[in-house]
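Given next are the chains, with one letter for each unit.
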Amino acid sequence: MSYEQSITLLDEETILAECGPMRLAICAWQNSRPQIALCQQAAQASFAFLETVAKDKAVLSNFVGNIRSMPENVLAQQMIESVRAIGDMDLTPMAAVAGTIADAVADWLFARGSTKVVVDNGGDIALRLAEGETANVGIRPQINCFDISHIARLDNRCSSWGVTTSGVGGRSFTRGIASAVTVIAENASIADAASTAIANACFVSDPNIQQVLAEQIDPFTDLSGKAVTVRVGKLTQAKRKVAQMRALQRAEDLVACGHIVGALIYQDKRFAMTSSLSAWVHGIDDPRDVS
């Protein structure tokens, strides 16, 4: 792998690991004590994880419905399994790459005694929480804006969590019109695949939605032949409602199958959330939001 690698201390608790398209913010604590040295080691491990995935990119860039045999690498296998579980056979396993690598780094740290781990791979987040640990995750209504509208308050009822986001303007392509779809699941790999699928489902035909073939933007894309959204113009509220309800139904189906805990769907000024998240997610101004 020819990407330049760098490891930077961002603050007293956070290590930044950068390698090509990967930008990981890594935090780990052991009983409230930051584990900076261990996070530096995890950053080195993340480069190895990325390299092993890159070796199978030729397979992982195929639509999952066309993959007939599993690679030997366990991370590549996890990517394929996560996308297959979501059920969209015209997604490639690359829909789960960011979450899968975040999971691998988080598991590496958790296995070495960290009691709280947060690994943020460009907005796709893997968390690990031991007994007594909690974490608040801010949720954005627009993928390319830092404003937060809701908070997900997670605890160790699940030791493993994934919180990932897809939408128009993100680093990956979307076929839908959602400004942001955030999924909460029991790992970041499947959350990553699910947020991609739900964001794709948030669509309605309209001449004010501009789409182009993915390869016109990126000749090396894994979505060759698929139309992706580049601009969303003025739409009627009725059409926006149809798009959002399609995404919400896709999310509710994934909840019913047990694949995800739930999803939040933002589109223009419209907001919807699966009923399953009422105990976990609340608005930023909610008095329960005490950090």
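The residue count restarts for each chain, going from 1 along the sequence in the order it is written. Local features are withheld for residues below a pLDDT of 70 in this predicted model, meaning they are given only at 70 or higher, and side-chain atom pairs are given and counted only at 80 or more; totals for whole chains, interfaces and linings count all residues. Only hydrogens and water are set aside when side-chain values are computed; all heavy atoms of the structure are taken into account.

Engineer: I would appreciate a short explanation of the overall build of the protein chain in the present structure.
Structural biologist: Broken down by element type, the protein chain carries 7 helices and 15 strands. A radius of gyration in this sense is built from C-alpha atoms; the matching globule rule multiplies 2.2 Å by the number of residues raised to 0.38. Since a compact globule built from 291 residues should have a radius of gyration of about 19 Å, the 18 Å found for the protein chain is in line with a globular shape. For the protein chain, the spread of C-alpha atoms along the three principal axes comes to 55 × 50 × 35 Å. Each accessible area value is a Shrake-Rupley result obtained with a 1.4 Å probe; residue values ignore everything except the protein chains displayed when judging cover. As presented, the protein chain carries roughly 13400 Å² of accessible surface, and 50% of it is formed by carbon and sulfur atoms. The distance from the centre of the 25 positive side-chain charges to the centre of the 31 negative ones in the protein chain is 7 Å. Strands here are runs of E lasting at least two residues and helices are runs of H or I lasting at least four, both read from the DSSP assignment and numbered beginning at the N terminus. Positive charges are assigned to Lys and Arg, negative charges to Asp and Glu, while His and the chain termini are left out of the count. In this description, the location of a charge corresponds to atom NZ of lysine, CZ of arginine, CG of aspartate or CD of glutamate.

Engineer: Please clarify how the packing of helix α3 (residues 74-86) against helix α4 (residues 97-110) should be interpreted in this entry.
Structural biologist: When two helices pack together, you describe them by how their axes are tilted relative to each other and by the distance separating the axes. Remark: α3 packs on α4, axes separated minimally by 10 Å, with the N-to-C direction vectors making an angle of 130°. Accordingly, the angle class assigned to the pair α3 and α4 is oblique. By crossing handedness, the relation of α3 to α4 is classed as right-handed. Residue-level inspection shows Leu75, Gln78 and Met79 of α3 in contact with α4, the latter providing Val97, Thr100 and Ala104. Looking at side-chain class alone, the contact of α3 with α4 contains 4 nonpolar, 2 polar and no charged residues. Fitted lines through C-alpha atoms give the axes, limited to the stretch in contact for helices. The angle between two N-to-C directions lies from 0 to 180 degrees. Angles below 35 degrees are treated as roughly parallel, those above 145 as roughly antiparallel, those between 65 and 115 as roughly perpendicular, and all remaining angles as oblique. Should the near helix be turned anticlockwise from the far one by less than a right angle, the crossing is left-handed, and should it be turned clockwise, the crossing is right-handed. Working rule for contacts: check all heavy atoms of both residues, and any pair within 4.5 Å makes them a contact. Nonpolar residues are Ala, Val, Leu, Ile, Met, Phe, Trp, Tyr, Cys and Pro. Charged residues are Asp, Glu, Lys and Arg, and all others, Gly as well, are polar.

Engineer: For this particular structure, what's the right way to read helix α5 (residues 188-201)?
Structural biologist: Note that an α-helix has 3.6 residues per turn; residues three or four places apart therefore point the same way. Between the first and last C-alpha of α5 there are 20 Å, a value that for 14 residues agrees with the 20 Å anticipated at 1.5 Å per step. Each residue gets one of three labels from its accessible area relative to the maximum for its type: buried under 20%, exposed over 50%, partly exposed in between, using a 1.4 Å probe on protein chains only. The buried fraction of α5 amounts to 13 of the 14 residues, a majority that puts the element mostly inside the structure. In the analysis that follows, any N or O atom pair within 3.5 Å is treated as a polar contact, provided that within protein one partner can donate a hydrogen and the other can accept it, and provided that, for residues neighboring in sequence, both atoms belong to side chains. Looking at where α5 begins, the residue whose side-chain oxygen comes 3.1 Å from the main-chain nitrogen of Ser189 is Asn187. A helix is expected to span 1.5 Å for every residue after the first.

Engineer: Which parts of the structure should I look at to understand the environment of Thr14?
Structural biologist: Considering the arrangement of structural elements, one finds Thr14 in the loop between β1 (5-9) and β2 (15-19). By relative accessible area, which is 10% here, Thr14 ends up buried. C-alpha separation for the pair Thr14 and Phe220, spaced 206 residues apart in sequence, amounts to 32 Å. Once residues within four sequence positions are removed from consideration, Thr14 is found in contact with Thr8, Leu9, Ala25, Ile26, Cys27 and Ile36.

Engineer: Could you clarify how one ought to interpret the side chain of His150 in this entry?
Structural biologist: In this structure, His150 sits in strand β8 (residues 150-155). A residue is classified by how much of its surface remains accessible, and His150, at 13% relative accessible area, is buried. Within polar-contact distance, the side chain of His150 engages the side chain of Ser149 at 2.9 Å. For His150, the side chain forms a polar contact with the side chain of Tyr266, separated by 3.0 Å. Leave out the neighbours within four places in its chain, and His150 touches Val137, Gly138, Ile139, Leu264, Tyr266, Phe271, Val281, His282, Gly283 and Ile284.

Engineer: Hey, could you run me through the packing of aromatic side chains in this one?
Structural biologist: To describe a pair of aromatic rings, one takes the distance between the centres and the angle between the planes. Centres within 6.5 Å make a pair out of two Phe, Tyr or Trp rings, where for Trp the six-membered ring is used; the pair is then stacked when the planes are under 30 degrees apart, edge-to-face when over 60, and tilted otherwise. Going through the model one piece at a time under the given rule, you end up with 2 aromatic pairs. An angle of 65° between the planes, with centres 5.0 Å apart, marks the rings of Trp161 and Trp280 as edge-to-face. One end of the pair, Trp161, is in strand β9 (residues 160-166); the other, Trp280, is in the loop between β14 (270-273) and β15 (281-283), and 119 residues separate them in sequence. Across this residue pair, the class does not change: Trp161 and Trp280 are buried. Our definition puts a charge over a ring when NZ of Lys or CZ of Arg is within 6 Å of the ring centre and also within 35 degrees of the ring normal. Here the basic side chain of Arg112 rests over the ring of Trp108, its NZ or CZ set 3.9 Å away from the ring centre. Over the ring of Phe63 we find Lys226, and its NZ or CZ is 5.3 Å from the ring centre.

Engineer: Can you help me understand the packing of helix α1 (residues 36-55) against α4 in this one?
Structural biologist: Two numbers describe how α1 lies on α4: the axes approach to 9 Å, and their chain directions differ by 140°. The orientation of α1 relative to α4 falls into the category oblique. Of the two possible hands of crossing, α1 and α4 adopt the one that is right-handed. Together, Leu38, Cys39, Gln41, Ala42, Ala45, Ser46, Phe49, Leu50 and Val53 of α1 and Val97, Ile101, Ala104, Val105, Trp108 and Leu109 of α4 make up the contact between the two elements. Tallied by class, the residues present in the contact of α1 with α4 amount to 13 nonpolar, 2 polar and no charged.

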